[in-house]
Amino acid sequence: MSEDTATETSIETPESDHPAVGRLKDRFEDEVLEVVDAMGQTTVVCQKGRITEILSFLRDEPDLKYDRLNDLTAIDYQDHPHRDPSLPRFDVVYSLYSHPNNTRLRLRAQVADDDCRIDSATSVWRGAEWPEREAFDMFGLRFDGHSDLRRCLMPHNFEYYPLRKDYPLKGKGERDIIAPDDPGFSANPFAGIEEEVEDALSSERMVLNLGPQHPATHGTLRLQLELDGERIARCIPDIGYLHTGFEKLGEHHTFNQFVTVTDRMNYLSPLCNNIAYAGSVERLMGLEVPERANAIRVILWELSRIADHMVWLGTHALDIGAFTVFLYTFEQRERCYNIFELVTGARLTTSYTRIGGLGWDVPENFREVILDFTAQFPNAMEEVERLLTRNRIWIDRTKDIGVISAEDAIDWNMTGPMLRGSGVDYDIRKAEPYLNYADYDFDIPVGENGDTYDRYLVRMEELNQSMRIIEQAINNLPGGPVKVEDSKVILPEKQQVDFGMESLIHHFKVIMDGHGLTPPLGDSYLPTESPNGELGFHVVSNGTGYAHRMRVRAPSFMNYQAFSQMVEGLLVSDAIAVLGSFNIIAGELDR
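Residues numbered from 1 in each chain as written. Predicted model: local features only at pLDDT ≥ 70, side-chain atom pairs only at ≥ 80, totals over all residues. Heavy atoms only, no water.

A few points about the packing of aromatic side chains
Right, on to step 1. This structure, assessed with the given rule, holds 24 aromatic pairs.
Right, on to step 2. With 5.0 Å between their ring centres and 45 degrees between their planes, Tyr97 and Tyr426 make a pair best called tilted. Remark: Tyr426 occurs in the loop between helix H13 (417–420) and helix H14 (428–431) and Tyr97 occurs in strand S4 (residues 90–98); sequence separation between them is 329 residues. For the pair formed by Tyr97 and Tyr426, the shared burial category is buried.
Right, on to step 3. Between Phe563 and Phe582, the aromatic rings sit 5.5 Å apart at their centres with planes inclined by 75 degrees, giving edge-to-face as the arrangement. Of this pair, Phe563 sits in helix H19 (residues 563–567) while Phe582 sits in helix H20 (residues 572–582), and the two are 19 residues apart along the sequence. (Phe/Tyr/Trp six-rings, centres within 6.5 Å; stacked < 30°, edge-to-face > 60°. Helix = DSSP H or I, 4+ residues; strand = E, 2+ residues; numbered from the N terminus. Buried < 20%, exposed > 50% of the residue type's maximum accessible area, 1.4 Å probe, protein only.)

Set out below in C-alpha cells:
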C-alpha cells in the first residue's frame, strides 16, 4: 500500500507480533486484507462476509478470549484525501478486549456504499445491541440479524444519517429532515400488549412512562415500563433527549477547539474528558507530556472522580429517600469546585487541559489547598457511612436489587464500578496505566454479588483510594514545565506574544485554520478510567487540522444497555434504586 492511499501512519506489517494476527490468518486467510501496527495498537482489516465467524473465533479461542466487545462504530471515508477511492466507503470498527490476557485488538470490516449491510454482532456479544443501533442511526448501516434495529438518538422519522460526510454540519431545514409519520407506523414498542394476554380485562398489565420529567431520572432519561401489577415485566430505555452531536462537532472543530466541547459531555467530571481527549491526540502525535503536567493531571483527575461520585452518592441517596446524605456530599463537591476554580479559573467547564500539557501552572498554594481538602474528607465520608452502610432501610432498598453476574456484565460491555461491583477485578489505571498511574500505590475495590449495594460499596472505597493517589501525587509533585516545548503545538505565553514578534507568529499559526495542530495520518485511542468506566476518544486523522472521525467511547452509553435485564421482575420503586446505581450522565449517554 503506497503512502498516498494509506490510512495509517506506519507501513503495513504482515508479520505482526500480536498473538491474534497469526491465528486469524491461519483460520481466515482469504478474509484478512491488511494488518497494521501503529500507535501501540493492532488493526486487522477484513472482509465483511464472515465477520460473525471471525468475532466468534476471537471470543471463544481459549488462548485469545476476547470476551468483551469494547466498542463498535463506523467510519465514513468519503472525501478522505489519502483513501484509495476504489476501496469501500465505510469501515465498521470493532474494538475488542480480552480480560484474561489484558490485550486489545481492533477489526475493521469494509462495507460498500451501495450495499450498506453487515451481519450483526449481537449473536456474539449482547453489548453490540446499542452500538449497532447507533451506527444505523448515524451512518445508515444495516446489521442483519439485529432484533431491534431502530434509531436510538435521532427521532424515528429523521430522514438522514448525521455522521455521513455528505451531511452538512448545520444540517438542513427542520421541514426537510423530519418526515411525516407513516399512518401505519407506531413508535410505541408496547403497542398491542392487550392482545398478548388471554383476558385483557382481568389483566393488571399496563404501560408506565417513567421520566423524562421525573426527579429520579434527573431530567433527560425516559423509561417505558410494562407492568404486571407492581412488577416490571418489560423495560425499554428511550434515550436521545440530550443528543448534542459531539462526534460531528469533533470533525468540524480544530483539535484545540474541541477541548472546550469535551467539557460539556460528562459535566460532572469535565477534566477527565479533557485529559482523555488530549491523551489520544498526544499519542497520535507522539508527544511526551512533562512529568509535572502528568502529576497535576492525576490530581485533578482524582478530584474529578470524587466530585462525580459526590453527585452520584447525594442524588442516589436522595432518590431513595435519604436527604441528609445529599447535604454532606454536596459540601464536598463544592470544596472540589473551589480547587478547580483556584487552578483553572472556572468551576465546571474548565477547558484547562491543552494538547501537550496544561494551560498554565498551578498556584503557589496548590499543595496546601489539596492537603487541607484531604485532611477533612475522610471524616465527612465516615459520617455518610454511618448514615447508610448499616442502615436497615438502605440495605433493604439496595441489597439483592439489580443483580448482574460477572459474565453478563462483560457480555453487556460494562466497565468501571458497574463491572467491578460484579466481581471483575479490572481498572484501566492498573491494567493499562496512562499518565503516571503506574507510579502510585492504590487498591482496586471489587464487589461480590453484583447488586446495587455492592456498587455502592465499590464507589465508597474508590473515594478512599482516590485520597491515597492524591496524597502521593501532591507530596511528590515534581518541578519543571507543564507543557511541551514545541511552538508548533503549544501557544506561547501571553507576555511573550505581547512583546515578541516570533511568539506572535507562532500564536497566529497555532490558532489559524490550516496552520495549527496537524497530526500525522492514522488513528489512535487511549483507554482511561473515568468515574463511570472506560472513556476513550478514537481519533482518526487525515493529515489536516481537523479530525476525519472523532469517536467517543462513553461509559454511560455502554453500561446503560443492561438496565432492562437488571430491572425485569423488580418493583417500580426498585427501578429507581437500580438507576441511581448506574450514575448515568445524560450528556455522556447521548453525546
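From this point, things continue past the structure.
Brief notes about a nonpolar patch on the surface
Right, on to step 1. On the surface, Leu318, Phe323 and Leu327 cluster together into a nonpolar patch covering about 280 Å² of accessible area.
Right, on to step 2. Position of Phe323 relative to the elements: it lies in helix H9 (residues 323–344).
Right, on to step 3. With relative accessibility at 48%, the residue Phe323 sits in the partly exposed group. (Patch = residues over 30% accessible without salt bridge, like charges linked within 9 Å, V, L, I, M, F, W, Y side chains within 5 Å. Areas by Shrake-Rupley, 256 points an atom, 1.4 Å probe, with all protein chains shown as cover. Salt bridge = Lys/Arg side-chain N within 4 Å of Asp/Glu carboxyl O.)

Things to note about the sheet that holds strand S2 (residues 41–46)
Right, on to step 1. In space, the 5 strands of this open sheet follow the order S1-S2-S5-S4-S3, with mixed pairing throughout. Of all strands in the sheet, those bounded by a partner on one side alone are strand S1 (32–38) and strand S3 (68–76). Neighbour-to-neighbour, the strand axes of the sheet open up by a mean angle of 20 degrees, direction not taken into account.
Right, on to step 2. Strand direction decides the pairing type here: S4 and strand S5 (residues 103–111), joined by 9 bridges, are antiparallel. (Pairing = 2+ DSSP bridges. Axes fitted to C-alpha atoms, helices over the stretch in contact; angles between N-to-C directions.)

Brief notes about the environment of Asp166
Right, on to step 1. Along the polypeptide, Asp166 turns up in the loop between strand S7 (142–144) and helix H4 (174–177).
Right, on to step 2. Along the sequence, Asp166 and Lys248 sit 82 residues apart, while their C-alpha atoms lie 12 Å from each other.
Right, on to step 3. Apart from the residues lying within four places of it in its own chain, the contact partners of Asp166 are Gln78 and Arg89.
Right, on to step 4. Here the side chain of Asp166 touches Arg89 through a polar contact of 3.4 Å, side chain to side chain. (Contact = heavy atoms within 4.5 Å. Polar contact = N/O pair within 3.5 Å; in protein donor to acceptor, adjacent residues only side chain to side chain.)

Re H9
Right, on to step 1. In this model, H9 (22 residues) spans 31 Å end to end at C-alpha, consistent with the 32 Å of a helix rising 1.5 Å per residue.
Right, on to step 2. Buried residues in H9 make contact with helix H7 (270–285), helix H8 (291–320) and helix H10 (366–388). (Expected span 1.5 Å × (residues − 1).)

A look at helix H1 (residues 19–27)
Right, on to step 1. Along H1, the residues classified as buried are Ala20, Val21 and Leu24. Along the long axis of H1, the arc covered by the buried residues comes to 105 degrees, so they all point the same way. Of the residues in H1, the exposed ones pointing more than 90 degrees away from the buried face are Pro19 and Asp26.
Right, on to step 2. Buried residues along H1 sit in contact with S1, S2, helix H2 (51–60) and S5. (Arc of directions from axis to C-beta.)

What to know about the pattern of salt bridges
Right, on to step 1. Under the defined criterion, the tally for this structure stands at 43 salt bridges.
Right, on to step 2. For Glu247, the salt bridge identified is with Arg551, shortest N-O distance 3.1 Å. Remark: Arg551 occurs in strand S16 (residues 547–553) and Glu247 occurs in helix H5 (residues 246–250); sequence separation between them is 304 residues. Per residue, the accessibility class of Glu247 equals that of Arg551, and both read buried.
Right, on to step 3. The residue Asp361 makes a salt bridge to Arg292 at a minimum N-O spacing of 3.1 Å. Of this pair, Asp361 sits in the loop between strand S12 (357–358) and H10 while Arg292 sits in helix H8, placing them 69 residues apart in sequence.
Right, on to step 4. What emerges from the salt-bridge pattern is a single network uniting Glu302, Arg305, Arg420, Asp427, Arg429, Glu462 and Glu529.

Considerations on the side chain of Arg429
Right, on to step 1. Topologically, Arg429 is positioned in helix H14.
Right, on to step 2. There is a polar contact of 3.2 Å between the side chain of Arg429 and the side chain of Glu302.
Right, on to step 3. Of note is the side chain of Arg429, whose polar atom sits 2.7 Å from the side chain of Asp427.
Right, on to step 4. Here Arg429 is in contact with Glu302, Arg305, Tyr434, Tyr437, Phe442, Ile469 and Glu529, once residues within four sequence places are set aside.

Regarding the packing of H8 against H9
Two measures define how a pair of helices packs: the angle their axes make with one another and the distance between the axes.
Right, on to step 1. The interhelical angle for the contact between H8 and H9, taken along N-to-C directions, is 155 degrees, at an axis separation of 8 Å. Taken as axis vectors, H8 and H9 run roughly antiparallel relative to one another. H8 and H9 meet at a crossing whose hand is left-handed. Residues Leu300, Leu303, Ser304, Ile306, Ala307, Met310, Val311, Leu313, Gly314, Thr315, Ala317 and Leu318 of H8 form the contact with H9, whose participating residues are Phe323, Val325, Phe326, Thr329, Phe330, Gln332, Arg333, Cys336, Tyr337, Ile339, Phe340 and Val343.
Right, on to step 2. The residue makeup of the contact of H8 with H9, split by class, is 18 nonpolar, 5 polar and 1 charged. (Parallel < 35°, antiparallel > 145°, perpendicular 65-115°, else oblique. Left-handed = near helix turned anticlockwise from the far one by under 90°. Nonpolar A, V, L, I, M, F, W, Y, C, P; charged D, E, K, R; others polar.)

So, the environment of Leu153
Right, on to step 1. With respect to the helices and strands, the residue Leu153 is situated in the loop between S7 and H4.
Right, on to step 2. Note on Leu153: relative accessible area 5%, which makes it buried.
Right, on to step 3. In this structure, the C-alpha to C-alpha distance between Leu153 and Leu69, residues 84 residues apart in sequence, is 21 Å.
Right, on to step 4. Setting aside anything within four residues of it in sequence, one finds Leu153 in contact with Glu134, Asp137, Met138, Ile239, Gly240, His243 and Asp590.

Description of the confidence of the model for the protein chain
Parts of the prediction with low pLDDT should not have their coordinates interpreted in detail.
Right, on to step 1. Across the protein chain, pLDDT averages 88, with 91% of residues at or above 70.
Right, on to step 2. Low pLDDT, under 50, characterises residues 1–14; the predicted model gives this stretch 41 contacts beyond four residues in sequence or across chains. (pLDDT = per-residue confidence, 0-100.)

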